[in-house]
Structures are given as structure tokens and as C-alpha cells.
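Close look at the chain arrangement
Here is what each chain is made of, one letter per residue.
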Amino acid sequence: MSLHVLRAVLASFLLMLATPVRAQSTTALGVGDTAPTQALPSVGDTTIDLATFKGQVVLLNFWASWCLPCLEEMPLLEKLHTQSEKKLSVLAVNLDRKRNPPQGVIDHLALSLPMAFDADGTFVKLYNPNSLPASFLVGPDGAIHAVYERAINIEDIKVIKETARRLLQGEG
């Protein structure tokens, strides 16, 4: 990792310690709950919304540049994104307060997966995960079908692909 990215990660970590992202509630969304949607800023001057993926299976991932497990899972999420059919998408939502640190990570890892930014934490508060990284597998029906409150691993990717296949075939 370059010195620039390392400095950005450290700065983000210190900012995150100063201001919490989490809501006060201890109730996280779970399997069977409807996945909330919200338009969020994306790369460039565009916005992205989970609702635009209607009819698809989406792995919604919350991450931050200061979170080492988040950074470790990013190459797997990128691979899932690039190797999946159009009906299985990955949407990564970054929680850093400033855009420079995550943009450095995006550039360094050459990430092409859809990326949204939730600097004020309003979207993540709707999901209220207990840890980062956190991923929610959302079916074509808009319901949450799986929750991962840890880094995704290669075995999880296999399960996600199989679950997506079943959901898209109406077996979910």
C-alpha cells in the first residue's frame, strides 16, 4: 500500500474515532426485512440508489477505508462484480466522512464495482449493522436474504452465487 493511501487510511480512522457513524439503536435489519433504499452520491457527479437494481440480486456492502477487514474483502467483491451475470450486482457503500481516503483505495485497488458514499451515515443507520464490514444480500423482491457482519470470504461468495441463482429462479 502506498504511503499516500496509508496516510489517508490513518486520517480516516482518526476522524472515525472522533465521531460515531452508528445509530443509537441496537436493532440491525435481518433476514426477511425489506431493504431500505436511498439515493446516494456516487463516483463523479452521479447518484446511485439500491432501487435502481430492482429485479436483481444485490450484495449491499458497507465499508470504510480505515477498516482493515473491509480492505481485505474488496478484491473478492470486485471479482464477484466482474464475474457475475447482470442479475447479481455488488453495491459498495463507503462510510468515510471525506471522499479522498476511499477514492485513494478505489484507485489503488482499481475497483470498478458500483460505489456510493454515505458520509453523513444516514443510509447505514437504516441498516444499523453491528460491525464493519457488513453486507446484506437483497433479493429481486427487495427483501434481505442474508446478512454478513464480517468480511466476506471465498466460501461466502459460493453461497452468495448459489443463493442468487435460486432467488432468480424463484426458488428463494
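The structure we're discussing is the one just above.
Residues L132 and P133 are joined by a peptide bond in cis, for which omega reads -5°. Even without glycine at this site, A110 takes up a positive phi of about 55°. The topology assignment puts A110 in the loop between helix 3 (100-108) and strand 5 (115-117).

A few words on the pattern of salt bridges. Enumeration according to the criterion identifies three salt bridges in this entry. D156 is the salt-bridge partner of R150, the closest N and O atoms lying 2.5 Å from each other. R150 sits in the partly exposed class, given a relative accessible area of 40%. Measuring nitrogen to oxygen at the nearest pair gives 2.5 Å for the salt bridge that ties R165 to E162. Residue R165 and its partner E162 are both found in helix 5 (residues 154-168); the two are separated by three residues, about one turn of the helix.

Working definition: an aromatic ring pair is given by the centre-to-centre distance plus the angle between the planes. By the definition in use, this model includes five aromatic pairs. Judged by centre distance (5.3 Å) and plane angle (55°), the rings of F62 and Y127 are tilted. Taken together, the residues span a long stretch of sequence, with F62 in strand 3 (residues 57-63) and Y127 in helix 4 (residues 122-127) at a distance of 65 residues. Both rings, one in F62 and one in F136, keep their centres 6.1 Å apart while their planes meet at 85°; by these two values the pair is edge-to-face. In this pair, F62 is assigned in strand 3 and F136 in strand 6 (residues 134-138), connecting sequence segments 74 residues apart. Classification of F62 by relative accessible area gives buried; the value is 0%. Of the residues examined, F136 reaches a relative accessible area of 0% and is grouped as buried. Here the aromatic cluster, defined as three or more aromatic residues joined through ring pairs, consists of F62, F123, Y127 and F136.

Structurally, a disulfide amounts to a covalent bond that connects the sulfur atoms of two cysteines. Inspection of the entire model under this criterion finds one disulfide. There is a disulfide in this structure between C67 and C70, and the S-S distance comes to 2.3 Å. Its S-S torsion of about 80° marks the bond between C67 and C70 as right-handed, since a negative value means left-handed. One exposure class covers both C67 and C70, and it is buried.

Turning to helix 5, a few remarks are in order. Along an α-helix, residues three or four positions apart point the same way, because every turn accommodates 3.6 residues. Across its 15 residues, helix 5 extends 21 Å between first and last C-alpha, which sits within 8% of the 21 Å expected from 1.5 Å per residue. Looking at helix 5, one finds that the buried residues are D156, I157, I160, T163, A164 and L167. Taken down its axis, helix 5 places every buried residue within 130° of arc, on the same side. In this fold, the buried residues of helix 5 make contact with strand 3, helix 2 (68-83), strand 4 (88-94), strand 6 and strand 7 (144-148). By the N-cap criterion, in which a side-chain oxygen at the helix start approaches the backbone nitrogen of a residue two or three places on, helix 5 is capped by N153, the distance to E155 being 2.9 Å.

Here is what the cut-offs are and how they apply
Residues numbered from 1 in each chain as written. Predicted model: local features only at pLDDT ≥ 70, side-chain atom pairs only at ≥ 80, totals over all residues. Heavy atoms only, no water. Helix = DSSP H or I, 4+ residues; strand = E, 2+ residues; numbered from the N terminus. Salt bridge = Lys/Arg side-chain N within 4 Å of Asp/Glu carboxyl O. Buried < 20%, exposed > 50% of the residue type's maximum accessible area, 1.4 Å probe, protein only. Phe/Tyr/Trp six-rings, centres within 6.5 Å; stacked < 30°, edge-to-face > 60°. Disulfide = S-S within 2.5 Å. Expected span 1.5 Å × (residues − 1). Arc of directions from axis to C-beta. Contact = heavy atoms within 4.5 Å. Polar contact = N/O pair within 3.5 Å; in protein donor to acceptor, adjacent residues only side chain to side chain.

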